[in-house]
Amino acid sequence: MPEQLEGSVAVARTVARCRPQVVCAYPITPQTHIVEGLSVLVREGSLAPCEFVNVESEFAALSVAIGASATGARTYTATASQGLLYMAEALYNASGLGLPIVMTVANRAIGAPINIWNDHSDSMSQRDCGWLQLFAEDNQQAVDLHVQAFRIAEELSVPVMVCMDGFVLTHAYEQVELPTQEQVDAFVPLYQPRQVLDPQAPITIGAMVGPEAFTEVRYLAHETQLRALEVIPRIGAEYAEVTGRPGGALVSAYNMTDADIVVVAMGSVLGTLKDTVDELAADGTQVGVVGITTYRPFPAAAVRAALADAARVVVLERAISPGVGGPLTADVRGALAGLSTEIVTVVAGLGGRAITRPSLRAMLLEAGRGALDLLTFLDLDLPQIQRAQLTGAGR
Amino acid sequence: MPLALFAEGEADDGRSLMYEVRLHGRGGQGAVTAAELLSVAAFDGGGWAQAFPSFGSERTGAPVAAFCRMDDRPIRLREPVLNPNALLILDATLLHLDGVFAGLRPDGIVLINSARQPDELGLGDLTGRHPDVTVTTLDASAIARRHLGRPLPNGVMLGGFAALSDTVSIEGVLQALRERFRGSTGESNACAAQEAYDTVRLTREATVDA
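Residues numbered from 1 in each chain as written. Chains lettered and ligands numbered in written order. Predicted model: local features only at pLDDT ≥ 70, side-chain atom pairs only at ≥ 80, totals over all residues. Heavy atoms only, no water.

> Help me understand the packing of aromatic side chains, please; the structure alone is not making it clear to me.
Aromatic rings in a pair are described by how distant their centres are and how their planes are angled relative to each other. Scanning the model with the defined rule gives 7 aromatic pairs over all chains in all. Pairing Phe-135 of chain A with Tyr-295 of chain A gives two aromatic rings, centres 6.2 Å apart and planes at 85 degrees, and the pair type is edge-to-face. Of the two residues, Phe-135 of chain A is situated in strand 6 (residues 132–135) and Tyr-295 of chain A in strand 12 (residues 294–296); the sequence distance between them amounts to 160 residues. Residue classification places Tyr-295 of chain A among the buried residues on the basis of a relative accessible area of 0%. Between Phe-52 of chain B and Phe-67 of chain B, the ring centres sit 5.0 Å apart and the planes meet at 40 degrees, which makes this aromatic pair tilted. Residue Phe-52 of chain B is found in strand 2 (residues 48–53), and its partner Phe-67 of chain B is found in strand 3 (residues 63–71); the two are separated by 15 residues along the sequence. Here Phe-52 of chain B falls in the buried class, since its relative accessible area comes to 5%. Among the aromatic residues, those joined into a ring-pair cluster are Phe-135, Tyr-295 and Phe-298 of chain A. The ring of Phe-187 of chain A has Arg-151 of chain A lying over it, and the distance from NZ or CZ to the ring centre is 4.8 Å. (Phe/Tyr/Trp six-rings, centres within 6.5 Å; stacked < 30°, edge-to-face > 60°. Helix = DSSP H or I, 4+ residues; strand = E, 2+ residues; numbered from the N terminus. Buried < 20%, exposed > 50% of the residue type's maximum accessible area, 1.4 Å probe, protein only. Lys NZ or Arg CZ within 6 Å of the ring centre and 35° of its normal.)

What follows is the structure, given as structure tokens:
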């Protein structure tokens with residue numbers, strides 16, 4: 001039954017239906033409503049059996065999650081921004097140990113200067129930590145991806161981040177249909193851990209590995225990630241069967257017929273992009289939209305197939321790699337290696353800067369004329385930059 | 001001082017049924033909650049709705065904007081409301097702030113929390129240039145003080161809005177308030193919103209008669 005819910009509430013209630021046995025998180029804006037919601041569900045007994053562990057930091061939150069998951073408990077946490085960075089060391093441990101933890105990242109910028117608003121700098125900074133990264137376009141997809149994330153994580157024994165845009169999605173009220181408890185129970189069976197830490201039968205995990213085997217360990221991790229490219233669409237199809245809603249995919253495509261220009265993006269900006277290309281289509285300009293739902297592992301073959309007929313590709317980046325440009329562009333460029341496709345980067349919406357239809361429209365029309373530089377910052381306030389340079393603040 | 005930056009000759013974007021509301025208030029007045037409740041009322045009325053806050057400072061007293069879109073189909077757009085059909089201004093001290101009237105549609109409606117009459121608010125520039133804009137005032141703080149014991153104008157303004165627009169019904173607003181604030185708080189909020197609705201309806205009828 002559709003409900004009008006805040007994104008965070010929808011995610012909290014959905015995660016609860018996945019029956020995590022341990023939830024451990026440290027509050028940070030804009031993720032806080034999610035773990036607050038879960039803490040209430042645990043306290044009132046509607047999520048049981050489940051232990052909600054209060055900790056003093058994100059490092060501790062993920063460390064507790066690692067310990068819980070290693071004992072065989074289905075484990076969930078959530079964070080954002082500096083919180084994710086504070087987890088960084090433990091992130092690698094979770095993936096290295098093959099622990100199927102599911103974590104929501106309420107995407108937020110990273111300071112300094114401090115900024116609590118949305119972009120993708122946080123999860124992007126941890127793109128190589130061995131976790132899967134799934135990006136939600138709207139709150140319905142955020143809900144659906146969380147349920148699938150538990151299945152994917154437990155089938156592959158890898159941790160999964162479900163990334164949803166902070167505030168834009170976490171704080172948005174919109175219509176969402178939660179999967180029922182029966183549907184989730186049918187779709188996500190009880191967790192059968194591959195191995196467990198048990199005092200009665202002690203084992204060592206994560207022990208020292210030297211040069212003789214470390215490459216092989218990493219090779220296997222890479223292979224597991226590549227297997228996810230098969231597992232994610234299969235589990236997505238099963239999810240669609242159970243719920244009647246689209247399951248998670250590697251990429252999505254919109255308005256691709258006769259589109260010479262295709263814009264590639266991740267997350268909630270896809271909605272605004274689709275409205276923009278509809279307007280452009282009404283004026284006779286066809287622009288396609290390819291959404292990256294699965295960012296890690298990067299679905300290079302699917303991206304290449306989706307973009308095969310595009311003459312020009314605009315990669316809309318919600319993060320920046322200073323001195324390089326866009327991190328997503330590098331992956332798209334790799335996927336299109338050997339093709340003559342023109343690829344440009346547009347960095348947009350950093351630190352909560354609104355991405356509007358008029359700006360996207362002007363940018364896409366420029367892209368159609370081949371007039372975009374290799375790297376463009378959408379709506380860049382040049383006078384502000386000149387003032388900063390004059391006062392030395394830009395140095 | 002240019003009071004408004006209007007959306008002149010706005011092209012029909014093919015989604016003309018979408019109705020957009022922008023709420024302006026100060027931190028603590030509940031503008032974000034009001035946007036959320038408006039979306040719940042619109043959803044309960046059978047439509048699609050989306051509410052979200054603006055991305056500015058989060059301090060008590062600082063200017064805050066919140067947004068609500070309503071449509072007869074799913075809403076994908078995530079940009080802030082740039083061309084509102086309606087403006088709900090929860091604090092009259094914001095009236096002369098840059099951007100409050102920005103993008104208002106030429107036939108837009110404006111509801112202002114104020115004890116004064118619209119023509120006493122120095123908005124002659126706005127209404128003179130754009131005769132199809134409707135400005136209505138409602139002493140929402142006073143109504144709230146009577147029913148809630150404190151001047152919290154957000155739910156009251158929604159009652160007033162229901163009288164000005166057929167996008168949500170007063171019943172929908174009352175239900176959303178009662179769901180959000182359980183028990184006597186919800187009841188007081190509903191009574192306040194009902195009084196606002198009745199007051200604005202009387203004001204409108206008087207205006208039409210005149």
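From this point on, the discussion continues.
> What is the right way to read the confidence of the model for chain B from this model?
As a general rule, the predicted coordinates of low-pLDDT regions are not to be interpreted in detail. All names here are of chain B. Taken residue by residue, chain B gives an average pLDDT of 90. The fraction at 70 or more is 92%. Confidence drops under a pLDDT of 50 for residues 1–15, and excluding neighbours within four residues, the segment shows 37 contacts in the predicted structure. The ipTM assigned to the predicted complex is 0.94, against a pTM of 0.95. (pLDDT = per-residue confidence, 0-100. Contact = heavy atoms within 4.5 Å.)

> Sorry, what's going on with the sheet that holds strand 13 (residues 312–317) of chain A here?
Backbone-to-backbone hydrogen bonds join strands into a sheet, with any given pair of strands oriented parallel or antiparallel. Residue and element names in this part refer to chain A. Pairing is mixed across the open sheet formed by 6 strands, whose spatial order is 9-11-10-13-14-15. One side of each edge strand has no neighbouring strand; the edge strands of this open sheet are strand 9 (251–254) and strand 15 (375–377). Taking each pair of neighbouring strands and ignoring which way they run, the sheet shows an average axis angle of 20 degrees. Pairing of strand 10 (residues 261–265) with strand 13 involves 4 bridges; the strand directions are parallel. (Pairing = 2+ DSSP bridges. Axes fitted to C-alpha atoms, helices over the stretch in contact; angles between N-to-C directions.)

> Got a minute to help me understand the domain arrangement of chain A in this structure?
Interface size is commonly expressed as the accessible surface area that is lost when the partners come together. Residue and element names in this part refer to chain A. Looking at the assigned domains, one finds that chain A contains domain 1 (3–243) and domain 2 (251–387). Each side of the interface is counted separately: domain 1 has 26 residues, and domain 2 has 22 residues. Buried surface at the junction of domain 1 and domain 2, summed over both partners, amounts to about 1900 Å²; 57% is from carbon and sulfur atoms. Counting the contacts that link domain 1 with domain 2 gives 1 salt bridge. (Domains from an automatic or database assignment. Buried area = accessible area lost by both parts, 1.4 Å probe. Salt bridge = Lys/Arg side-chain N within 4 Å of Asp/Glu carboxyl O.)

> Can you walk me through empty space enclosed by the protein in this structure?
Which parts of space are left empty comes out when a probe the size of a water molecule is rolled across the atoms. Per the stated rule, a full pass over the model turns up 2 cavities of 30 Å³ or more. In this structure, the largest cavity encloses a volume near 150 Å³. In terms of lining, the largest cavity is formed by 15 residues, of which the most central are Val-168, Arg-353, Ala-354 and Ile-355 of chain A together with Arg-78 of chain B. Class assignment for the residues of the lining of the largest cavity results in 7 nonpolar, 4 polar and 4 charged. (1 Å grid on protein atoms, 1.4 Å probe; cavity = no way out; pocket = protein on both sides within 12 Å on 5 of 7 lines; lining within 4 Å. Points joined across faces, edges and corners; volume = space filled by probe spheres on them. Nonpolar A, V, L, I, M, F, W, Y, C, P; charged D, E, K, R; others polar.)

> Please clarify how the pattern of salt bridges should be interpreted in this entry.
Pairing between side chains of opposite charge can happen when their charged atoms approach one another. Residue and element names in this part refer to chain A. In this structure the tally under the stated criterion is 28 salt bridges over all chains. As a salt-bridge pair, Glu-154 and Arg-74 come within 2.6 Å of each other at their nearest N and O atoms. Of the two residues, Glu-154 is situated in helix 7 (residues 139–156) and Arg-74 in the loop between helix 3 (58–70) and strand 4 (75–79); the sequence distance between them amounts to 80 residues. A relative accessible area of 4% means that Arg-74 is categorised as buried. Asp-144 serves as the salt-bridge partner of Arg-245, at 3.0 Å between the closest nitrogen and oxygen. Linking Arg-245 in the loop between helix 9 (214–243) and strand 9 with Asp-144 in helix 7, this pair joins segments that are 101 residues apart in sequence. Residue Arg-245 is classed as buried on the basis of its relative accessible area of 12%.

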